[in-house]
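Descriptive structure summary
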Amino acid sequence: MDCDTVVHNGGCHCRNVRWRVCAPTSVVAWDCNCSDCFMRANTHFIVPAERFELLGESKQFLTTYTFGTHTAKHTFCKVCGITSFYFPRSNPDGVAVTFRCVDPGTLTHVEIKHFDGRNWESSYIQTGVASLSKMQNRPTEGPK
């Protein structure tokens, strides 16, 4: 995995789902209030899909939930139920990584920003979140 930042490892609670992701040590994570993220209390940062790698036999332990536009692919572990990452509607070419599922030791700072998922269209425009999954437009700090 070619990476100009650091490699973070992570996964679900039972460790059947494991992955690695290249991202800065300081990230911007998004606390979304859409019906799904709000109920799961999922706060996540966005990376380009090329910077995310599912490891080992993880795929066999994943299942996917969709709703609404069916653009977002909410993946979770079939064993423990944890969503350690998913493919967001805002960035279908990226991956939303649940920052609390990153193994300790590589994230040095997490800034939390609000994404108004209940008013998705206006929040999508106001936050500029779509650019965060683009390799050429990556900010030096922060995803989603």
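Rules of the game
- Residues numbered from 1 in each chain as written.
- Predicted model: local features only at pLDDT ≥ 70, side-chain atom pairs only at ≥ 80, totals over all residues.
- Heavy atoms only, no water.
- UniProt positions renumbered as here; feature names shortened; annotations may be inferred.
- Helix = DSSP H or I, 4+ residues; strand = E, 2+ residues; numbered from the N terminus.
- Buried < 20%, exposed > 50% of the residue type's maximum accessible area, 1.4 Å probe, protein only.
- Pairing = 2+ DSSP bridges.
- Contact = heavy atoms within 4.5 Å.
- Axes fitted to C-alpha atoms, helices over the stretch in contact; angles between N-to-C directions.

1. Regarding the UniProt feature "domain: CENP-V/GFA" (unreviewed entry) in the chain
Those residues carrying the UniProt feature "domain: CENP-V/GFA" (unreviewed entry) are residues 8-121 in this numbering. Here residues 8-121 is 7% helix and 42% strand, with 31 Å between the C-alpha atoms at its ends.

2. Examining the pairing of strand β3 (residues 26-32)
Summarising burial for β3: six of the seven residues are buried, a large majority. For β3 and strand β10 (residues 109-115), the ladder comprises seven bridges, and the chain directions are parallel. Across the sheet, residue V28 finds its bridge partner in β10, namely E111. Both β3 and strand β4 (residues 43-48) contribute to a ladder of two bridges, which runs antiparallel. Looking at β4, one finds that D31 is bridged to T43.

3. A closer look at the sheet that holds strand β8 (residues 85-86)
Pairing within the open sheet is mixed, and its five strands lie in the order β8-β9-β4-β3-β10. Looking along the sheet, the strands with just one partner apiece sit at the ends: β8 and β10. Strand direction decides the pairing type here: β4 and strand β9 (residues 94-98), joined by five bridges, are antiparallel. Across the sheet, residue V47 finds its bridge partner in β9, namely V95. Contacting β3 and β10, helix α2 (residues 120-127) runs over the sheet at an angle of about 135° to β10.

4. Section: the sheet that holds strand β1 (residues 6-11)
Pairing within the open sheet is antiparallel, and its three strands lie in the order β1-β2-β5. In the strand order of this sheet, the two ends are held by β1 and β5 (52-54), each with one partner. Each neighbouring strand pair of the sheet contributes to a mean axis angle of 20°, computed without reference to strand direction. Looking at chain direction, strand β2 (residues 18-23) and β5 are connected through three bridges and run antiparallel. Within the sheet, the bridge partner assigned to R20 lies in β5 and is E53.

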